[in-house]
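# Overview (structure and organization)
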Amino acid sequence: MEPVINDGLVDIVAERFDCGVRHAGGLQGDMIPVRISEPMELVFAAAPAYLASHGVPATPDDLGAHRCISCRHTSSGALHRWDFVRDGEMFGRAVPETFITNDVDLMRGAALSGLGIVCLLRLQAAPYLGAGSLAQVLPGWAPVLAANHLYYPSRRQPGAAFRAFLEVMQA
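The rules behind these values
- Residues numbered from 1 in each chain as written.
- Predicted model: local features only at pLDDT ≥ 70, side-chain atom pairs only at ≥ 80, totals over all residues.
- Heavy atoms only, no water.
- Core = buried A, V, L, I, M, F, W, Y, C linked by side-chain atoms within 4.5 Å.
- Buried < 20%, exposed > 50% of the residue type's maximum accessible area, 1.4 Å probe, protein only.
- Helix = DSSP H or I, 4+ residues; strand = E, 2+ residues; numbered from the N terminus.
- Contact = heavy atoms within 4.5 Å.
- Pairing = 2+ DSSP bridges.
- Axes fitted to C-alpha atoms, helices over the stretch in contact; angles between N-to-C directions.

Before going further, it helps to spend a moment on the nonpolar core. Soluble, globular proteins show a tendency: their nonpolar side chains are buried together. Grouped together as the largest cluster of nonpolar side chains are 19 residues, with contacts concentrated most on F44, L63, W82, F84, I117 and L138. If you list the elements that add at least two residues to this core, you get strand 3 (40-46), helix 1 (48-54), strand 5 (82-86) and strand 8 (117-121). Among the elements that line this core, the one with the most residues is strand 3, at four residues. Those residues within four positions of L138 in sequence are excluded, and the remaining contacts are F44, P57, A58, T59, P60, L63 and F84. With twelve residues, the next largest nonpolar core counts V43, A110, L120 and L134 among its residues.

Take a look at the structure:
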């Protein structure tokens, strides 16, 4: 087994991978999806020192006066659009990008060092929120992402090792 981490959109057939992981909505029709996660909540967070010196945003519109830590998608080169939800409606807002990277650990580290506000999966932020080194901002505004799915080509006949891997990923 040789796991490869690539945040870009990869053609797993052309690149000769056995499988990939994506949200179900982004899959080609000839792929077999296998759900491997629950939907994932996002959270907006910043270091308490940053918030003490720059204030706490009350609405997404307030982010225009803040420094934001953003992610650039590897495959397209586009900046990740910050989405928000209110009363069941999802909408995006442009935010000022003070620091841009394609690495979640760097994004979180920049937020921990007081560089600005970051959008992370709650799972990625939880230990730091619990310890008080990050504080949640804009509670109730963060959307929930669709569940992740492992996917593989429908033409592939999974062998015993691949079936065992699928079972582990679904557990």
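Attention shifts here to the pairing of strand 3. Burial of strand 3 is extensive: six of the seven residues sit out of reach of the surface. As paired elements, strand 3 and strand 10 (residues 144-145) share two bridges and run antiparallel to each other. Along strand 10, the bridge assignment pairs M40 with L145. Relative to strand 8, strand 3 runs antiparallel, the two being bridged by four bridges. Note on strand 8: the bridge partner recorded for L42 is L121.

Here we come to the sheet that holds strand 2 (residues 31-35). Across the sheet, which stays open at both edges, the three strands sit in the order 1-11-2 with antiparallel pairing between neighbours. At either end of the open sheet lies a strand with only one pairing partner, and these are strand 1 (20-23) and strand 2. Neighbouring strand axes in the sheet, compared pairwise and without regard to direction, differ in orientation by 40° on average. As paired elements, strand 1 and strand 11 (residues 148-153) share four bridges and run antiparallel to each other. Bridging across to strand 11, G20 finds its partner in Y151. Against the sheet, helix 4 (residues 160-170) contacts strand 2 and strand 11, and its axis sits at roughly 165° relative to strand 11.

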